[in-house]
Each structure stands twice: as C-alpha cells, then as structure tokens.
Amino acid sequence: MARDKKDGGLNRREFIQTAGATAAGLFLSAWPSGKAPAAQVAEKRIVIVAQRRTAGFANHGRSDTEQTGLVDAGLAGQNPVTLERFPWLAEELPSIKKGTWKIDQKNKTMVTVYRLRSGLKWHDGKPFTSKDFQFGWEVHHHPEFPLRDRLVPDLIEKIETPDVRTIVIHWKALYNEAYAIQKQQLRAWPRHILEDAFRSGNIKALTKHPYWNQQFVGTGPYRLVDYGGGTQLELEANPYYVFGKPKIGRVTFRVIEDTNTSLSAILAGEVDLALRNTIAFDGAVILKEQWQTKGLGQVSLRPVSHTWVNLSGTNPLFKDVRVRRALLHAIDRNALVKNAFKGYVPVVHFPMSPYRKVFKKADAAATKYEYNPNRAQQLLAEAGWKPGADGVLANEKGERMEFEFRAEAGRRGEEQTQAIVIDYWKKIGAQCSVKNMPGRLLNSEEFRNRWPGAMVGGHNLVVEEWAERYHSAGTPTAENRYSTESVTHWNNAQADAIMDELNTIMPEQRAIQLQVEFAKLYTRDLPHLPMYYSPEILAIKKGLRGVTPRIESGGNNMNTWNMHAWDKT
C-alpha cells in the first residue's frame with residue numbers, strides 16, 4: 001500500500017514519475033568517482049540487490065542464506081523447489097543400503113560416511129580435505145563459539161578422517177538429517193587460515209577474525225573480490241567450483257535497506273535480480289503494472305515465510321495465556337491482509353508451509369483465533385484486566401496494559417502491520433509506544449533477539465528448523481550473547497519433546513502425528529501471535545535465465561542454489 005505523504009512516502013503516481021529520473025544517480029553514486037565500472041570484454045555480469053545487512057558469511061553472527069550460498073558450499077545441498085537433497089561437495093549422500101549410514105537402534109547411535117569429490121579446492125587454490133571438515137566441527141563444537149544453532153555439532157561424538165577424502169561421523173543420538181548435512185548446520189573451515197587462531201584458545205578473537213567477512217575464502221560458485229563494507233560485494237566466478245566455473249563471470253551484490261531506492265533501480269534497468277524483501281508489496285504491484293506488463297521482467301510472489309507479533313516472554317504483562325489469546329482475537333487479520341496485501345497472502349495460524357503434505361491435517365487440528373473483540377475483552381476481564389478512566393486496561397495491582405512495540409525501521413510491510421495492530425489493540429484498551437530501529441541496530445548484540453514489549457518480525461516455515469526457533473534450549477540469554485533465535489521464550493516440555501523426537505529417525509506416520517500435535521500446542525500456547533504468510537518478492541530482469549523461486553525460506557533453501565548454471569542474454 002502507498003504511504004501517506006506525511007509519513008515521508010510517495011504515492012504510486014508520484015513514485016513512477018520520479019523513479020526513472022533518480023534511479024541512475026542513486027546507483028552510480030555508489031561507485032568510486034560516480035562512474036560504473038566498464039564491463040570486461042565477453043564477461044557476463046549481473047547486479048543482485050537484497051535488503052539484509054549482515055556481519056559476514058559464518059554460522060555465528062548475522063548472515064544471509066543467499067550471500068553465503070554464493071561463496072560457500074556444504075557436503076549436501078537442497079533443491080528449494082522440490083526440497084530434495086543432493087550431494088554437493090560429497091560424491092553421494094550416505095545410504096543405509098550402501099552401508100555408509102549405519103544405525104544402532106539399541107544404543108541409539110549412528111555412523112555416517114561421506115566421500116568428498118576428488119580435486120576439491122578452496123577459493124585460494126589450496127586443497128580442500130576431510131581434515132578441513134573435521135576442523136570445522138571442532139570450531140562449531142567449542143562451547144564458547146557463539147553458534148546460532150548447535151544441534152548438529154553437539155549431536156556428533158567424533159569425526160574420523162582415514163584419508164583426505166573420507167569423513168566418518170560418529171553420532172551420539174539418532175538424527176534423521178544425518179545423511180544430508182548442509183552448510184547452515186555444519187561446514188568446513190580452512191585450516192591453513194584459521195587453525196592457528198583457533199588453537200591459541202582466544203575464541204572471542206576468533207569470532208572477530210577478518211576471515212568471516214572481508215577476507216572470506218570458501219568453496220562456493222563465486223569468490224570474494226571486495227567485501228565493500230558488507231553493503232556492496234564484488235564477486236567473481238570460481239574456476240575451482242565443484243560443478244564447473246559459472247557462466248556469469250561477475251556479480252555485484254548490493255544491500256539496499258530502503259525499498260524505494262531498490263524499486264527505482266529496478267525500474268531504471270540497473271538490477272538483474274532483487275531478492276528477499278528488497279521490494280515492499282506495494283512496490284511489487286508497481287512492478288507488475290509498470291515493468292512486467294511491458295515485458296521487462298517477471299515478478300514472483302510466493303508465501304515462503306510468515307510474519308508474527310511476539311509478546312515478550314520476559315514481560316509479566318503477557319504471562320497469562322488468556323492475555324495473548326485476547327490480543328490475537330482483537331486483530332482482524334483477514335481485513336489486514338486484504339487491505340495491506342490485496343488478498344495475495346492468507347492468514348497464518350501456525351508455522352508450516354501449505355505446500356507440506358501434512359499441512360491439511362495440522363490445520364484441522366489447530367485452534368483458530370478469529371476476529372472477536374468481545375471475546376478479547378471477556379478473556380482480559382477473566383485475567384484481571386479492566387478499562388480505567390482513560391480507557392487503558394489496568395489490573396488490581398495498578399499495572400497498566402502499556403508497552404513498547406518495535407519493528408525494523410524501513411520494512412514497510414512490517415511497519416504497516418505494526419500500525420494496524422496498534423490501532424486494533426487501542427480499541428480494547430492496550431496502549432503501545434512505537435520504538436522502531438534500523439536493522440543494523442535491531443540486530444546488534446545490544447538489541448538482537450529481545451524486546452521489552454511487542455515486536456513484529458518473521459521466521460521461515462521449515463519444520464526441520466522448528467527446534468532452532470521454538471525449543472526452550474535455544475532461548476536467547478546473556479550467557480549465549482543473545483545469539484540464538486528461540487525468541488518466544490516458550491518453555492513447554494511437551495513441545496520440546498516433540499521437536500527432539502522429530503530430529504530422530506522414525507516412520508513417516510509418526511512424524512506426521514508429531515507435527516499435528518505441535519500445531520495443537522502452538523495454537524494453544526501462542527508463543528507468537530501468528531499474522532499472515534509473508535510473500536517473498538523476486539524481481540527477475542528479462543534476459544536472466546535459470547532462477548527458480550523457492551517454496552520455503554530458511555537457511556537451507558536458496559534462490560541462488562543453482563547459480564553456476566544461470567545465464568544472461
């Protein structure tokens with residue numbers, strides 16, 4: 001939806017009038033001396049834009065799936081359209097039939113054997129060996145190393161490397177993803193660059209090593225030429241890439257936090273691919289009407305993630321589940337998606353993709369919280385909250401239903417959702433004060449993964465990552481430097497047990513049963529207030545071939561998964 005001018009936005013007509021005139025200047029100003037670099041003879045180049053500012057390419061700190069996938073690879077990868085796994089740096093995936101995946105059901109342990117492809121090299125030409133993967137596990141397994149997700153490293157008892165191409169992994173427990181370890185779960189690090197720093201024992205210094213960003217060396221299809229402070233990456237095709245040197249020789253990967261700037265650049269023809277949330281929904285409508293209809297490119301919208309409003313798990317105002325239920329009943333989510341997204345996206349009730357086979361069963365079992373302000377007021381009264389003289393809810397202790405509400409500044413869809421929710425809550429007596437922050441501040445160690453009141457945000461829908469998002473063991477704390485992402489503070493032993501079991505090996509029907517039960521618990525306890533499925537908007541310029549929009553987001557699903565095969569005409 002177009003913003004009102006008093007909020008600093010442009011309406012659609014004004015935007016289209018100014019976009020073409022300003023985009024070239026905005027884009028050229030990013031280059032030294034204000035001039036775009038001359039293209040090399042016969043070398044194909046593309047410009048990719050994204051909105052997410054990161055700290056580098058590691059599994060600690062803030063990273064981006066698409067960026068990381070450009071410069072690094074894992075033992076296994078995943079097709080983001082079919083969700084099928086494929087061998088990446090490994091020759092083939094471990095198999096029970098072939099004896100490379102051995103399961104001891106009695107002792108609940110396993111062994112998986114990966115065989116690396118021959119001739120693997122790091123970007124700097126140094127040999128990539130099984131010892132590098134073993135070293136990567138040592139780093140990730142170190143208790144002081146601040147990983148976002150410790151599940152896989154901590155499930156491994158030891159790793160043996162009988163030769164330079166063989167990796168033998170001994171597992172402490174049964175784990176259903178053990179046959180296809182992906183880079184977001186565990187990956188190799190170059191011993192020739194990092195081993196001395198690791199062996200010194202100063203883990204804090206290791207986490208700040210320039211290797212993780214400006215000096216990164218990986219195994220992905222592209223290698224880093226210039227980090228550009230993290231806002232403009234220059235990449236060149238990797239001649240050592242496992243699937244062959246990419247067809248497109250050079251990539252400029254720009255981070256643009258302002259959606260209007262990104263939209264201007266696309267309309268001006270300066271961008272080949274816009275990823276993730278670079279374009280706001282109203283911008284996607286403009287592109288469909290003013291760009292796609294002219295045959296200049298394609299706009300893809302898919303509900304790959306979901307948006308939620310979280311009520312802080314550390315704030316006593318929200319401890320009573322009746323309060324959380326009331327605040328969800330107070331929001332007309334159907335009207336929200338109709339007005340904000342023109343009906344392109346549906347309301348979400350729990351974190352699962354509608355493309356999943358089990359979805360219909362889980363949806364039938366889930367509790368639904370339809371818009372019902374009378375029911376909201378009833379629940380609040382039962383929880384001891386009554387309107388005061390000024391209409392704001394208060395309890396017998398004199399506490400008022402007043403709290404801070406955060407969103408990421410510049411994320412227009414989230415800011416719009418925030419404003420709508422605040423208006424609905426005001427009608428039932430809940431008063432909010434807005435305190436939005438830019439992403440780089442919101443995701444800094446000082447503020448990341450915690451807030452005193454409410455927060456509008458989003459997560460992926462990947463069932464295999466539920467434990468990372470909702471398990472009590474992943475709650476952000478001062479001890480883990482707020483690096484983990486179970487921001488709900490949901491402490492439900494039954495839900496934890498379900499997520500633990502889902503990571504083990506079981507018959508398909510048992511997995512379906514567990515996922516249905518999780519949906520029941522989630523919609524009963526409301527660790528998040530689910531809002532709507534979030535559309536991922538991709539803008540693909542005419543001439544760029546090979547892009548396959550994903551059906552789910554998440555660390556293992558990359559739109560750039562097959563980028564070595566992309567071409568530009």
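Not measured: the values here are computed from a predicted model.

Parameters and conventions
Residues numbered from 1 in each chain as written. Predicted model: local features only at pLDDT ≥ 70, side-chain atom pairs only at ≥ 80, totals over all residues. Heavy atoms only, no water. Helix = DSSP H or I, 4+ residues; strand = E, 2+ residues; numbered from the N terminus. Rg over C-alpha atoms; globule rule 2.2 N^0.38 Å. Buried < 20%, exposed > 50% of the residue type's maximum accessible area, 1.4 Å probe, protein only. Areas by Shrake-Rupley, 256 points an atom, 1.4 Å probe, with all protein chains shown as cover. Lys, Arg positive; Asp, Glu negative; His and termini not counted. Charge placed at Lys NZ, Arg CZ, Asp CG, Glu CD. Core = buried A, V, L, I, M, F, W, Y, C linked by side-chain atoms within 4.5 Å. Contact = heavy atoms within 4.5 Å. 1 Å grid on protein atoms, 1.4 Å probe; cavity = no way out; pocket = protein on both sides within 12 Å on 5 of 7 lines; lining within 4 Å. Points joined across faces, edges and corners; volume = space filled by probe spheres on them. Nonpolar A, V, L, I, M, F, W, Y, C, P; charged D, E, K, R; others polar. Phe/Tyr/Trp six-rings, centres within 6.5 Å; stacked < 30°, edge-to-face > 60°. Lys NZ or Arg CZ within 6 Å of the ring centre and 35° of its normal. Polar contact = N/O pair within 3.5 Å; in protein donor to acceptor, adjacent residues only side chain to side chain. Pairing = 2+ DSSP bridges. Salt bridge = Lys/Arg side-chain N within 4 Å of Asp/Glu carboxyl O.

Our focus in this paragraph is the overall build of the protein. From N to C terminus, the protein includes 17 helices and 20 strands. A compact globule built from 569 residues would reach a C-alpha radius of gyration of about 25 Å, and the protein, at 24 Å, matches this within 12%. The 569 residues of the protein split such that 56% are buried. Carbon and sulfur atoms form 49% of the exposed surface of the protein, whose accessible area is close to 23,700 Å². Once the 77 positive and 62 negative side-chain charges of the protein are each reduced to a mean point, those two points are 3 Å apart.

Below, the discussion takes up the nonpolar core. Of all hydrophobic cores here, the largest spans 68 residues; its most connected members are Ile169 and Trp171. Element by element, the count of residues in this core is highest for helix α3 (residues 130-141), at 4 residues. Beyond its immediate chain neighbours, meaning those up to four positions away, Trp171 contacts Thr109, Met110, Val111, Thr112, Val152, Leu155, Ile156, Glu157, Ala178 and Ile181. Ranked by size, the runner-up nonpolar core spans 41 residues in total, among them Leu317, Ala376, Val456 and Leu526.

What follows is about empty space enclosed by the protein. Enumeration over the complete set of coordinates arrives at 1 cavity of 30 Å³ or more. One number sums up the size of the largest cavity: a volume of about 50 Å³. Considering the residues around the largest cavity, the lining is formed by Ala76, Gly77, Gln78, Phe86, Trp88, Gln182, Lys183, Gly555, Asn556 and Met558. Element by element, the count of residues in the lining of the largest cavity is highest for strand β2 (residues 76-78), at 3 residues. Taken together, the residues that form the lining of the largest cavity break down as 4 nonpolar, 5 polar and 1 charged.

Now for unusual backbone geometry. One non-glycine residue, Lys342, adopts positive backbone phi at about 55°. Among the secondary structure elements, Lys342 is positioned in the loop between α10 (333-341) and α11 (359-365).

To continue, consider the packing of aromatic side chains. Scanning all chains against the criterion turns up 30 aromatic pairs. Ring geometry for Phe403 against Trp425: centres 5.8 Å apart, planes inclined by 65°, an arrangement best described as edge-to-face. Here Phe403 is found in strand β15 (residues 402-406), whereas its partner Trp425 is found in helix α13 (residues 412-427), with 22 residues between them in sequence. Between the aromatic rings of Tyr470 and Phe518, the centroid separation amounts to 6.0 Å while the plane-to-plane angle is 55°, which identifies the pairing as tilted. Highlighted residues: Tyr470 in helix α15 (residues 466-470) and Phe518 in helix α17 (residues 508-525), separated in sequence by 48 residues. Look at Tyr470 and you get buried, because its relative accessible area is 1%. The ring of Tyr482 has Arg450 lying over it, and the distance from NZ or CZ to the ring centre is 3.6 Å.

We now examine the side chain of Asp64. Along the chain, Asp64 turns up in the loop between β1 (45-50) and α2 (65-71). Within polar-contact distance, the side chain of Asp64 engages the backbone nitrogen of Glu66 at 3.0 Å. Aside from chain neighbours lying at most four places away, what touches Asp64 is Arg52, Thr54, Phe253 and Arg276.

Turning our eyes to something else, we now look at the layout of surface pockets. To find the voids left in a structure, one rolls a probe of water-molecule size over its atoms. Estimated volume of the second largest pocket: approximately 510 Å³. Ala55, His60, Gly61, Arg62 and Arg448 are the residues nearest the centre of the second largest pocket, which is lined by 29 residues in total. Of the residues assigned to the lining of the second largest pocket, the class counts are 6 nonpolar, 12 polar and 11 charged.

The next point concerns the pairing of β1. The buried count for β1 comes to 5 of 6 residues, which makes it a mostly enclosed element. Pairing between β1 and strand β10 (residues 250-255): 6 bridges, direction parallel. Note on β10: the bridge partner recorded for Ile48 is Phe253. Two strands pair when backbone bridges link them, and β1 and strand β11 (residues 273-274) are joined in this way by 2 bridges, in the parallel orientation.

Moving on, we get to the sheet that holds β1. As summarised here, the arrangement of the 10 strands in space is β8-β9-β10-β1-β11-β18-β12-β17-β15-β16, forming an open sheet in which the pairing is mixed. Two strands close off the open sheet at either side, each with one partner strand: β8 (222-226) and β16 (431-434). Across 7 bridges, strand β12 (residues 297-311) lies against strand β17 (residues 454-460) in antiparallel orientation. Its bridge partner lying in β17, His306 is registered against His459.

We now examine the pattern of salt bridges. With the rule as written, the count across this model stands at 41 salt bridges. A salt bridge links Glu402 to Arg400, with the nearest nitrogen and oxygen atoms 2.9 Å apart. Accessibility expressed as a relative area gives 38% for Glu402, which makes it partly exposed. By relative accessible area, which is 33% here, Arg400 ends up partly exposed.

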